[in-house]
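# Per-entry structural report
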Amino acid sequence: MGLTQLHLVDRNGQDLAAATRDAVRDAYRWAVVEFPNLDQAAVAGWAEDLGKAMAAHPGHIESPRRYATSALKGKILGWFRKHPGKEIAVGLGPEMEQWVGLDPKAQLTMERTVLFEQLRTKLSERDRQILVLLLQDITSPRDVAAALGMKYDAAAKAIQRVKERIAAILLSSPQTDRARRPPHLYKSES
């Protein structure tokens, strides 16, 4: 796809001076390369307006090329500030996963597998037993005490410590989506 044709004239319809015309064309080419997701017609319109403004002050601009590039860059950045929702980032996050074909269910399964591998390697045997009971909805200290043959107070404290250790493991593992973490994991029924 080629560049949009620029119509570079002053406010009276006369052609621009060669230095101004070349400076505006170079600034336009730079903008198209630096901001490829912007509409070329909009950038061309801004460049044409810039050419008219530069032609209105011919003796005041020492370096037309630098002035044109700075002015067009400022116009583009101002547009981005005014229209942040219209900018579309391509090739990031979920869009790339969609193109690659990563299934969200597969990602959850992978994350769960990694989590349980971390828990298996970092928790003691008794902590793993308590975790299995908690995963089976056996959450009261009385039921855990009966299942593991310990006192009620010891079971309540062990449940609390397991939850604290799991929370510490979760906090130390890098996760992109912290919202999926269960809230108040370290609190225990007592």
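Our subject is the structure that appears above.
Residues numbered from 1 in each chain as written. Predicted model: local features only at pLDDT ≥ 70, side-chain atom pairs only at ≥ 80, totals over all residues. Heavy atoms only, no water.

### Considering the overall build of the protein chain
Selection rule: Numbering of helices and strands runs from the N terminus; a helix is a DSSP stretch of H or I covering at least four residues, while a strand is a stretch of E covering at least two. Buried means the residue's accessible area, taken with a 1.4 Å probe over protein chains only, is under 20% of the maximum for its type, while exposed means over 50%, and partly exposed covers the values in between. Between two residues, a contact is recorded if the distance between any of their heavy atoms is within 4.5 Å. Only the protein chains shown count as cover for residues, and the accessible areas themselves come from Shrake-Rupley with a 1.4 Å probe.
The number of helices and strands found in the protein chain is eight helices and zero strands. Counting helices and strands in the order they occur from the N terminus, the protein chain gives α-α-α-α-α-α-α-α. Sorting the 190 residues of the protein chain into buried and exposed places 27% on the buried side. The long-range share in the protein chain, meaning contacts at least 24 apart out of those at least 6 apart in sequence, stands at 56%. In the form shown here, the protein chain has an accessible surface area of approximately 13,100 Å², with 53% of it arising from carbon and sulfur atoms.

### Side note on the packing of helix H2 (residues 40-56) against helix H3 (residues 64-82)
In plain terms, the rule: Here an angle of 0 to 180 degrees is reported between the N-to-C directions of two axes, which are lines fitted to C-alpha atoms, with helices fitted over the stretch in contact. Every angle not falling under 35 degrees, over 145, or within 65 to 115 is termed oblique; those three ranges are roughly parallel, roughly antiparallel and roughly perpendicular. Crossing handedness is read from the near helix: turned anticlockwise from the far helix by less than a right angle, it gives a left-handed crossing, and turned clockwise, a right-handed one.
H3 packs onto H2 with a crossing angle of 135° between their chain directions and a minimal axis gap of 10 Å. Relative to H3, the element H2 is oriented oblique. Seen from above, H2 lies across H3 with right-handed handedness. Across the interface between the two elements, Val43, Trp46, Ala47, Leu50 and Met54 of H2 pack against Pro64, Tyr67, Ala68, Ala71, Leu72, Lys75, Ile76 and Trp79 of H3.

### Observations concerning the pattern of salt bridges
Working definition: two side chains of opposite charge can pair if their charged atoms are close together. Here is the rule: Only one rule defines a salt bridge in this text: a Lys or Arg side-chain nitrogen within 4 Å of an Asp or Glu carboxyl oxygen.
Counted by the stated rule, this structure contains five salt bridges. Across the pair Arg29 and Asp26 runs a salt bridge, and its minimum N-O distance is 3.3 Å. Pair noted here: Arg29 and Asp26 are both in helix H1 (residues 18-34), with a separation of three residues, about one helical turn. Between Asp26 and Arg65 there is a salt bridge, with the nearest N and O atoms lying 1.8 Å from each other. Of this pair, Asp26 sits in helix H1 while Arg65 sits in helix H3, and the two are 39 residues apart along the sequence. Classification of Arg65 as partly exposed rests on a relative accessible area of 44%. What you see here is one network of salt bridges that share partners, running through Asp26, Arg29 and Arg65.

Purely geometric stuff here, so don't read any function into it on its own.
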